[in-house]
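# Reading the structure
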Amino acid sequence: MTGSPETLVIGIDLGGSKMAAGLVDGRLAIIESLEVRTPIESQESLIAGILSLVRGLVSRAPAPVSAAGFGIPSMIDQVRGRAVMSVNIPLADFDFVRHISGELGLPVFIDNDANVAALAEATAGAAAGAREVIMITLGTGIGGGIITGGEVYRGATGSAAELGHMVIDVNGPRCQGACENYGCFETMASGTALARYAAIYAEKEPDSALGKAAAAGMMLDGRLVCRLARQGDPAALKVMDLIGFYLGVGITNLVNIFNPEVLVVGGGLMGAGGLILDPAKKILAQRGLRPNRDVVRVTAAGFGPEAGVIGAACLALRELKKGR
Ligand SMILES: [Zn+2]
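The present account deals with the structure reproduced in this document. This is a predicted model, so every value here is computed, not measured.

## Description of helix H11 (residues 307-323)
Given a rise of 1.5 Å per residue, 17 residues ought to cover 24 Å, and the 24 Å separating the end C-alpha atoms of H11 matches this to within 8%. The element H11 is extensively covered by neighbouring structure, given that 12 of its 17 residues are classed as buried. When H11 is considered as a whole, its buried residues turn out to be Ala307, Gly308, Val309, Ile310, Gly311, Ala312, Ala313, Cys314, Leu315, Ala316, Leu317 and Leu320. Buried-residue contacts for H11 involve strand E1 (8-14), strand E2 (18-25), strand E3 (30-37), strand E4 (67-72), strand E7 (108-112) and helix H3 (113-124).

Below you can see the structure in the form of structure tokens.
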């Protein structure tokens, strides 16, 4: 429990395609929830959408709401409460906390979406009770969150834990979006990487199920490759092994540096489960430093898509408690 059970907060998960909000109590139970398409036409339409979503939930609350927490896919400046830069939503150099809090008449707390997911896992998910936790989320990119001493590690201004941009292969492909680097973790072990490896193996092994799927014009995404791998297709299995290998290399770096109790892996690509996590654990066992590699528990996330709402609510409840 992160607050008194009757405390009500709103947790908002601001995604590139949809925004989800939940009215959450101090036991982290979701009492009401709403989900709408994210208005990405402009910053103004996005802000208007956010305000109407939160007001919609406030109006349904059986008692006064104490605060709103937001998980935002942006680089955050915690000192000034600003969303500095975003990739998938039109939010840049925006005084988020001041503006949204003023409009709603509520205390507002913000953090990066991967940080709030980590907070959810460390509070009530796969790492519940642990104080040293690393979380990585595998999707189109790789998000990261670090919990140390039971608190989110934010760095000097709030934009730490960009674990997806740790370099795994200096000669690797150019990174995505605003990152100028090469061979970042997220270019080597994300859903984007998986699609690239799948195309390579489909061409190398045209007689495999993966090769035939490519020839039939099917999209070689995580879901398809995962299904073919489960059916035993050797080419699809090689793709999963390769993702697992690079995931293992990245996890080994993180475990050596941070000595976490638990390392949680979440995100859409974790639908593949052991297909990528088992080879990753093997790399950690072979290459990690002792005692770190022996201490850490590497596990799949406990929360699914609701992690964002729960995590944002956790953020609000924790910050309220600190303010008391
Ligand atoms: Zn990068």
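After that view, the rundown keeps rolling.
## As for the packing of helix H1 (residues 43-60) against helix H2 (residues 96-104)
Direction vectors running N to C along H1 and H2 enclose 45 degrees, while the axes themselves pass 11 Å from each other. Put simply, H1 runs oblique to H2. Viewed along their axes, H1 and H2 form a crossing whose handedness is right-handed. Of H2, the residues touching H1 (which contributes Ile47, Ile50, Leu51, Val54 and Arg55) are Phe96, His99, Ile100, Glu103 and Leu104. Split by residue class, the contact of H1 with H2 holds seven nonpolar, one polar and two charged.

## A word on the sheet that holds strand E8 (residues 133-138)
Strands sit in the order E10-E9-E8-E11-E12 across an open sheet of five strands; the sheet is mixed. Unpaired on one side and paired on the other, strand E10 (151-152) and strand E12 (297-300) mark the two borders of the sheet. With five bridges connecting them, E8 and strand E11 (residues 262-266) associate as parallel partners. Note on E11: the bridge partner recorded for Ile136 is Val265. Here H3 sits on the sheet in contact with E8, strand E9 (142-148), E10 and E11, set at roughly 50 degrees to E9. Taken strand by strand, helix H9 (residues 274-287) contacts E8, E11 and E12, and its axis lies near 170 degrees from that of E12.

## Brief notes about the coordination of the zinc ion
Tetrahedral coordination by four donors places them ideally at 109.5 degrees to one another around the metal; octahedral coordination by six donors ideally gives 90 or 180 degrees. Within the protein, the zinc ion binds to His165 (ND1), Cys175 (SG), Cys179 (SG) and Cys184 (SG); these donor distances fall in the range 2.0 to 2.4 Å. Relative to the metal, the four donor atoms surrounding the zinc ion lie at angles of 103 to 125 degrees, and the coordination shape comes out tetrahedral. For the zinc ion, the donor residues sit on a single chain with the sequence spacing H-x9-C-x3-C-x4-C. Take Cys175 and Cys184: they sit in the same class, and that class is buried.

## Observations concerning the environment of Tyr201
Here Tyr201 is to be found in helix H5 (residues 191-204). Given a relative accessible area of 15%, Tyr201 falls into the buried group. In this view, Tyr201 contacts Leu210, Ala235, Lys238, Val239 and Leu242; residues no more than four positions away in its chain are not counted.

## Describing H1
Under the 1.5 Å per step criterion, the end-to-end length of H1 is 26 Å for 18 residues, consistent within 8% with the ideal 26 Å. All buried positions along H1 are accounted for by Leu46, Ile47, Gly49, Ile50, Leu51, Leu53, Val54 and Leu57. Structurally, H1 contributes buried residues whose contacts are with E1, E2, E3, E4 and H2.

## Things to note about the pattern of salt bridges
Oppositely charged side chains can pair when the atoms bearing their charge come close. Using the criterion set out here, one finds 13 salt bridges in the structure. Note that Glu32 is salt-bridged to Arg60, the shortest N-O span being 3.3 Å. With a gap of 28 residues between them, Glu32 in strand E3 and Arg60 in helix H1 connect regions that are remote in the sequence. Since its relative accessible area comes to 27%, Glu32 is described here as partly exposed. The class for Arg60 is partly exposed, based on a relative accessible area of 41%.

Criteria and cut-off values
Residues numbered from 1 in each chain as written. Predicted model: local features only at pLDDT ≥ 70, side-chain atom pairs only at ≥ 80, totals over all residues. Heavy atoms only, no water. Helix = DSSP H or I, 4+ residues; strand = E, 2+ residues; numbered from the N terminus. Expected span 1.5 Å × (residues − 1). Buried < 20%, exposed > 50% of the residue type's maximum accessible area, 1.4 Å probe, protein only. Contact = heavy atoms within 4.5 Å. Axes fitted to C-alpha atoms, helices over the stretch in contact; angles between N-to-C directions. Parallel < 35°, antiparallel > 145°, perpendicular 65-115°, else oblique. Left-handed = near helix turned anticlockwise from the far one by under 90°. Nonpolar A, V, L, I, M, F, W, Y, C, P; charged D, E, K, R; others polar. Pairing = 2+ DSSP bridges. Donors = N, O, S within 2.8 Å, 3.2 Å for Na, K, Ca; no water. Tetrahedral: all angles 85-135°; square planar, octahedral: opposite > 155°, others 65-115°. Salt bridge = Lys/Arg side-chain N within 4 Å of Asp/Glu carboxyl O.

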